[in-house]
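Below, each chain spelled out in residue letters.
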Amino acid sequence: VGLRVTDEGGAELGTVAEVFRAGENEVYRVTDADGRELLIPAVRSFVRSIDLEAGRMVVDYRAEEVP
């Protein structure tokens with residue numbers, strides 16, 4: 001909790017506000033400055049790296065496009 005979250009391109013997505021279990025995996029609840037929330041599964045295909053010393057998590061995230 002408290003890690004800054006960025007995508008692989010370095011764009012800020014928010015901060016980890018909570019970690020909870022959903023089924024067999026943990027999920028990171030990430031909130032941004034505007035109060036929007038992202039749910040990121042704690043699996044390798046989404047979480048690319050976690051650097052506790054730097055306080056940063058890099059994720060593979062692509063916003064869903066709304067038609």
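For the structure, see preceding data.
A.B. asks: Help me understand the overall build of the protein in this model?
C.D. replies: Helix and strand content of the protein: 0 helices and 6 strands. Each helix (α) and strand (β) of the protein, taken in turn from the N terminus, gives the series β-β-β-β-β-β. Against the 2.2 N^0.38 benchmark of 11 Å for 67 residues, the protein shows a C-alpha radius of gyration of 11 Å, consistent with a compact globule. Seen through its C-alpha atoms, the protein measures out along the principal axes to roughly 35 × 30 × 25 Å. When each of the 67 residues of the protein is scored for burial, the buried share is 27%. A separation of at least 24 residues holds for 25% of the contacts in the protein among residues at least 6 apart in sequence. Surface summary for the protein: the accessible area is close to 4,800 Å², and the carbon and sulfur share equals 47%.

Cut-off values and rules
- Residues numbered from 1 in each chain as written.
- Predicted model: local features only at pLDDT ≥ 70, side-chain atom pairs only at ≥ 80, totals over all residues.
- Heavy atoms only, no water.
- Helix = DSSP H or I, 4+ residues; strand = E, 2+ residues; numbered from the N terminus.
- Rg over C-alpha atoms; globule rule 2.2 N^0.38 Å.
- Buried < 20%, exposed > 50% of the residue type's maximum accessible area, 1.4 Å probe, protein only.
- Contact = heavy atoms within 4.5 Å.
- Areas by Shrake-Rupley, 256 points an atom, 1.4 Å probe, with all protein chains shown as cover.

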